[in-house]
Amino acid sequence: LYNIVDQIFIANASYLGSYGNAANTVVFPLTVVALAIAVMIGDGCCAFVSISLGKGEVGEARKSVGSAVVLSIASSLVLTALYLGFADPIISMFGGTVNEETFHYAREYFFYISLGIPFYMFGQAMNPVIRADGDPRFAMISTLAGAVLNIILDPIFIFECKWGMMGAAVATVLGQALTAALAVWYLFHSRIVRLHPADFCLKAKTVWRTLSLGACSFL
């Protein structure tokens, strides 16, 4: 939805047009990579939490959520560093050098989108966790809230502020940040899995089970 909305408003901005759409298309698969990692962590944690709660092992469920929080943050920071450090080769590998205008717009869009990767991955990783805790409605609301904010901010930043690709990217990142902020709020007000400081610790067994369950969701 974020990508579709960005594409619509970018296409209707006369100073961006098809070059802006091409740049957005180049960057989109790179956001899908971030999403795939986040979903693997989130779905794995969701399954782990559901299994643990079914067995009455609330402590194990807490450890899984704590591990998922740390994993999502750590992996997002690593991915952000890779994206920012190797931006030009990555954009080139995904076809961004087809012409100078597309490459320019792709670099601009990619830079700001990369800065928002930690918000994006955290929000998406926590969404299945919120569902597993028994509140799918909040999970839906938090996701839609970010998407709606993006829809509101896109025309303001692109048409009124004339921020171009930066405007589209910043609108997207702010929407993702809202979803992440709502996820943080929920973790402090969860229904069943109430986290303790000691739960934010990576233990090999918990991490392995979380990631293996998450990987199975792709099969």
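Above: the structure in question.
Residues numbered from 1 in each chain as written. Predicted model: local features only at pLDDT ≥ 70, side-chain atom pairs only at ≥ 80, totals over all residues. Heavy atoms only, no water.

Draft legend 1. Broad picture of helix H5 (residues 100-115). With 16 residues, H5 extends 23 Å between its outermost C-alpha atoms, agreeing within 8% with the 22 Å of an ideal straight helix rising 1.5 Å per residue. Listing the buried residues of H5 in full gives Thr 102, Tyr 105, Ala 106, Tyr 109, Phe 110, Ile 113 and Ser 114. The buried residues of H5 occupy one face: seen down the axis, they fall within an arc of 155°. Its buried side turned inward, H5 meets helix H1 (2-11), helix H2 (17-54), helix H3 (58-85), helix H4 (87-93), helix H6 (117-132) and helix H8 (164-187). The backbone nitrogen of Glu 101 has a side-chain oxygen 3.3 Å away, supplied by the residue at the start of H5, namely Asn 99. (Helix = DSSP H or I, 4+ residues; strand = E, 2+ residues; numbered from the N terminus. Expected span 1.5 Å × (residues − 1). Buried < 20%, exposed > 50% of the residue type's maximum accessible area, 1.4 Å probe, protein only. Arc of directions from axis to C-beta. Contact = heavy atoms within 4.5 Å. Polar contact = N/O pair within 3.5 Å; in protein donor to acceptor, adjacent residues only side chain to side chain.)

Draft legend 2. Empty space enclosed by the protein, seen in detail. In total, this model carries three cavities of 30 Å³ or more according to the counting rule given. Considered as a void within the structure, the largest cavity measures approximately 50 Å³ in volume. The wall of the largest cavity is formed by Val 49, Val 65, Val 129, Ile 130, Asp 133, Tyr 186, Leu 187, Ser 190 and Val 193. For the lining of the largest cavity, the elements supplying multiple residues, two or more each, are H6 and H8. Here the lining of the largest cavity is composed, by residue class, of seven nonpolar, one polar and one charged. Quantified by volume, the second largest cavity comes out at close to 50 Å³. Lining the second largest cavity, in full, are Lys 63, Ser 67, Ala 198, Asp 199, Cys 201, Lys 203 and Thr 206. Each residue belonging to the lining of the second largest cavity can be placed in one class, and the counts come to two nonpolar, two polar and three charged. (1 Å grid on protein atoms, 1.4 Å probe; cavity = no way out; pocket = protein on both sides within 12 Å on 5 of 7 lines; lining within 4 Å. Points joined across faces, edges and corners; volume = space filled by probe spheres on them. Nonpolar A, V, L, I, M, F, W, Y, C, P; charged D, E, K, R; others polar.)

Draft legend 3. Inspection of the nonpolar core at higher detail. Counting 52 residues, the largest nonpolar core has Val 65, Phe 110 and Met 126 as its most contacted members. Per element, the largest residue contribution to this core is ten residues, and it comes from H2. Residue contacts for Met 126: discarding those within four places in its chain leaves Ala 68, Val 69, Ser 72, Ala 183 and Leu 187. (Core = buried A, V, L, I, M, F, W, Y, C linked by side-chain atoms within 4.5 Å.)

Draft legend 4. Quick peek at the environment of Val 70. Within the element layout of this structure, Val 70 appears in helix H3. Residue classification places Val 70 among the partly exposed residues on the basis of a relative accessible area of 24%. Residues Val 70 and Cys 201 lie 131 residues apart in sequence; the distance between their C-alpha atoms is 7.6 Å. Aside from chain neighbours lying at most four places away, what touches Val 70 is Phe 200 and Leu 202.

The values are spatial; any link to function lies outside them.
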